[in-house]
Amino acid sequence: MRIDILTVLPELLESPFAASIMQRAQTKGHVEIYTHNLRQFSDNKHRNVDDYQYGGGAGMVMSVGPISKAIESLQAERHYDEIIYMTPDGEMLEQSTCNQLSLAQNLLILCGHYKGVDQRIRDLYITKELSIGSYVLSGGELAAAVVVDAVVRLIPGVLNDETSALTDSFQDGLLAPPVYTRPPEFKGLHVPEVLLSGNPKDVAAWREAEAYARTKERRPDLLEE
Ligand code: 6GU
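All of the points below concern the structure found in this document. Predicted model, so just to flag it, every value in this text is computed and none were measured.

Structurally, the position occupied by His-113 is in the loop between β6 (106-111) and α4 (119-124). There is a polar contact of 2.9 Å between the side chain of His-113 and the side chain of Glu-141.

Ranked by size, the top nonpolar core spans 32 residues in total, and within it Ile-3, Ile-5 and Val-152 carry the most contacts. Residue assignment for this core shows that the elements contributing at least two residues are β1 (2-7), α1 (20-27), β5 (82-92), α3 (95-101), β6 and α5 (141-152). Ranked by residue count, the leading element in this core is α5, at eight residues. Setting aside anything within four residues of it in sequence, one finds Ile-3 in contact with Val-31, Glu-32, Ile-33, Tyr-34, Leu-107, Ile-109, Val-148 and Val-152. Residues Val-49, Leu-74, Tyr-80 and Ile-83 belong to the second largest nonpolar core, which totals 19 residues.

Further remarks concern the site of the ligand. The immediate surroundings of the ligand are formed by 13 residues, with Thr-87, Ile-132, Gly-133, Tyr-135 and Leu-137 found nearest. Within the backbone of Tyr-135, a nitrogen or oxygen atom sits 2.6 Å from a nitrogen atom of the ligand. For the ligand, the protein covers 96% of the area, taking 290 Å² as the surface of the free molecule. The element contributing the most residues to the shell around the ligand is β5, with three residues.

Moving on to the pairing of β1. β1 sits mainly inside the fold: six of its six residues count as buried. Of the two faces of β1, the one lined by Arg-2, Asp-4 and Leu-6 and the one lined by Ile-3, Ile-5 and Thr-7 are each fully buried. Two strands pair when backbone bridges link them, and β1 and strand β2 (residues 32-37) are joined in this way by six bridges, in the parallel orientation. Looking at β2, one finds that Thr-7 is bridged to Asn-37. Crossover connection from β1 via α1 to parallel β2: handedness right-handed.

Strand order in the open sheet made by the five strands is β2-β1-β6-β5-β7, with parallel pairing throughout. The sheet is open, and its two borders are formed by β2 and β7 (128-131), each paired with just one other strand. Taking each pair of neighbouring strands and ignoring which way they run, the sheet shows an average axis angle of 30°.

Criteria and cut-off values
Residues numbered from 1 in each chain as written. Predicted model: local features only at pLDDT ≥ 70, side-chain atom pairs only at ≥ 80, totals over all residues. Heavy atoms only, no water. Helix = DSSP H or I, 4+ residues; strand = E, 2+ residues; numbered from the N terminus. Polar contact = N/O pair within 3.5 Å; in protein donor to acceptor, adjacent residues only side chain to side chain. Core = buried A, V, L, I, M, F, W, Y, C linked by side-chain atoms within 4.5 Å. Buried < 20%, exposed > 50% of the residue type's maximum accessible area, 1.4 Å probe, protein only. Contact = heavy atoms within 4.5 Å. Near = heavy atom within 4 Å. Areas by Shrake-Rupley, 256 points an atom, 1.4 Å probe, with all protein chains shown as cover. Pairing = 2+ DSSP bridges. Right-handed = clockwise from strand over helix to strand, strands pointing away. Axes fitted to C-alpha atoms, helices over the stretch in contact; angles between N-to-C directions.

Here it is as structure tokens:
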């Protein structure tokens, strides 16, 4: 997979991909991630990429020119399965969307800033608009990093133990069950006996029951779907 990210703050996207699983995914060749500074595509001497909004009001709007140039120069090189715009008014990111995106060959992600991008960019180029939750971030970069992490870890071969993505919370529509490691007792709290039993059937049944109970308690909405 190849992921291109358009941003006015490329430095915000360095560390999220420079460690741990995301770094290894790149080293092993499962994904190539490129960030592009939109200012490079500005045609004025101040390298501006935003302007005052028509109709007045506080807040700047990202201009059509630099974004259009950036997208079209990338499109000249390859087809993008999705051109994603990160915006708080986008569709809420779900595991199902991450699963779909993990099958893509090429993704292009545009990070919103200021009051957002000129609507015509959305009308002309964007195929998917994503939000990562009902709160407002200063820009789309951290949200884009969340999407990339959630998607890249699903590419086959990225995780060490490939089954570990299958037992994630949400992957089967349930939250994950509690987990324990050594020691068997800590400050009076004991690891559930069944986990020490060595009986895989009993362990699986316990985990499923716990996953269900936790989901019913914390996220009953997931059980209604
Ligand atoms: Cl995608 N962008 C911004 N700026 N804020 C957000 C968001 C995105 N998702 C949730 N909050």
